[in-house]
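Okay, here's what each chain looks like letter by letter:
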Amino acid sequence: MEDHTCQKIHVCKVCGSAFSNNSKLKSHLRIHTGRKPYTCEICGSAFPHSSKLKTHLRTHTGEKPFACEVCGSAFSNNSTLKSHLRAHTGEKPYACEICGSAFLKSYYLKVHMRKHTGEKPYNCEACGSAFTKSSDLKVHVRTHTGEKPYACEVCGSAFSRNSQLTIHMHKHTGENPHVCEVCGSAFTKSYDLKIHMRTHTGEKPFACEICGSAFTKSFSLKIHIRTHTGERPFACEICSSAFTNKSDLKVHTRIHMGEKPYACEVCGSAFARSSELILHMRTHTGEKPYACKVCGSAFTNSSDLKVHIRKHTGEKPYTCEICGSAFKYSSDLKVHIHKHTSDKTNSCL
């Protein structure tokens, strides 16, 4: 029987790849030489193959001849359609040999591998910051140039990332597309949902190396660390009081301004903090969500429960520096201190 098998007799001397004919070898060699003989007459972009130029031209014409039969999405080239179809089938053919993570595209795997190798090939010429993806570098450079190409058509706000604009638009539409499957809470950002889920799982991945306290967010840990260092970078311009975080300063400023933006719809009482309004509302609803596991007593806020538990544990965290007496409540210590100061005053009479 005659053998019609296509022999690959044309071999690349650079990398050893073999091809069935000389034209394919010639095309392949452009990978090594960098030659790009096919140029776009519209924007000047150059390509090593005519097929690449043909696909590129569709970005100018808007032509998308490859349509998904499942959802109708259209693409400029067949390879992109092929990758898209994996979103429907769930196929992820590119797997990481180190951690097992799988991806739809080989490029995604390539970028992922940099997490293991630590490679960051894209460097900022302005400040030296390095990135794993060219797109991340492109966005970063905008912090130096001030470029914000994504503008809101409703209010004119501009952003450096398209994703930031998408999130911003939710403020106008009221859309909260990221919904918690446990309690139904909805969020504008997937990251906020991720953080919220930790309230259900109890996960607190950010731990303080000094005291062991753990937090759901890295930002919360950063603020907590200031309780150890004593750092209070946010100072009040009116009275010089200083705070560990910006939100506390904002609330404090309301004391000077007399601002109380959180009003009770039942009785009209107003508060400087939203948390104070939440606590106040429980006086109307009778809600007491903090219950003692020992005796069942219930309280409107966690701090009252914390104080109550001392009756069972006998804990006395407030100590007199003069005589060493200890008390369950700060108010009791205050009264006790007054006795020392009174006795001292009387002895001088």
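Every chain's residues receive numbers from 1 upward, in the order its sequence appears when written. Local features in this predicted model are restricted to residues of pLDDT 70 or higher, and side-chain atom pairs are both shown and tallied only at a pLDDT of 80 or more, whereas totals for entire chains, interfaces and linings draw on every residue. Water and hydrogen atoms play no part in the side-chain values, which are based on all heavy atoms of the structure.

**Regarding unusual backbone geometry**
Apart from glycine, the bulk of residues carry a negative phi angle, and the bulk of peptide bonds sit in the trans form. The phi dihedral of Ser 240 is positive, around 70 degrees, even though this residue is not glycine. Helix numbering and strand numbering both begin at the N terminus, where a helix is a DSSP run of H or I of at least 4 residues and a strand a DSSP run of E of at least 2. If you trace the backbone, Ser 240 turns up in the loop between β17 (234-235) and β18 (242-243). Per-residue accessibility, obtained with a 1.4 Å probe over protein chains only, is compared with the maximum for each type, and a residue is labelled buried under 20%, exposed over 50%, and partly exposed between these values. Look at Ser 240 and you get exposed, because its relative accessible area is 57%.

**Topic: the pattern of salt bridges**
By definition, a salt bridge exists where a carboxyl oxygen of Asp or Glu is found within 4 Å of a side-chain nitrogen of Lys or Arg. For the structure on display, the rule yields eight salt bridges. Between Arg 86 and Glu 91 there is a salt bridge, and its shortest N-O distance comes to 4.0 Å. Judged by relative accessible area, Arg 86 falls into the buried class, the value being 9%.

**Observations regarding helix α8 (residues 218-229)**
Taking 1.5 Å of rise per residue, the twelve residues of α8 would be expected to cover 16 Å, and the 17 Å separating its terminal C-alpha atoms lies within 8% of that figure. For α8, every residue scored as buried is listed here: Leu 221, Ile 223, His 224 and Arg 226. Buried residues in α8 make contact with β15 (206-207), β16 (214-215) and β17. By this rule the span expected of a helix is its residue count minus one, scaled by 1.5 Å. Throughout, a residue-residue contact means that at least one pair of heavy atoms, one from each residue, lies within 4.5 Å.

**Details of the confidence of the model for the protein**
Values of pLDDT, the confidence the predictor places in each residue, fall between 0 and 100. Per-residue pLDDT for the protein averages 88, and the proportion of residues at 70 or more is 96%. The least confident element of the protein, judged by mean pLDDT, is helix α12 (residues 330-347) at 78; the most confident is strand β10 (residues 130-131) at 93. Scored below 50 in pLDDT, residues 1-5 shows zero contacts in the model against residues more than four places distant or in partner chains.

**Digging into the environment of Arg 198**
Along the chain, Arg 198 turns up in helix α7 (residues 190-201). Spatially, the C-alpha atoms of Arg 198 and Ile 223 are 19 Å apart, while their sequence positions differ by 25 residues. When sequence neighbours within four positions are dropped, the list of residues in contact with Arg 198 reads Glu 203, Pro 205, Phe 206 and Thr 216.

**Quick word on the side chain of His 252**
Relative to the elements of secondary structure, His 252 occurs in helix α9 (residues 246-257). Each residue touching His 252, except ones within four places of it in the same chain, is listed here: Cys 236, Cys 239, Ser 241 and Phe 243.

**Quick notes on α9**
Over its twelve residues, α9 extends 17 Å from the first C-alpha to the last, a length consistent with the 16 Å expected when each residue adds 1.5 Å. For α9, the complete set of buried residues consists of Leu 249, Val 251, His 252 and Arg 254. Of the surrounding elements, those touching the buried residues of α9 are β17, β18 and β19 (262-263). In the stretch just after α9, Gly 258 is the one whose phi turns positive, near 75 degrees.

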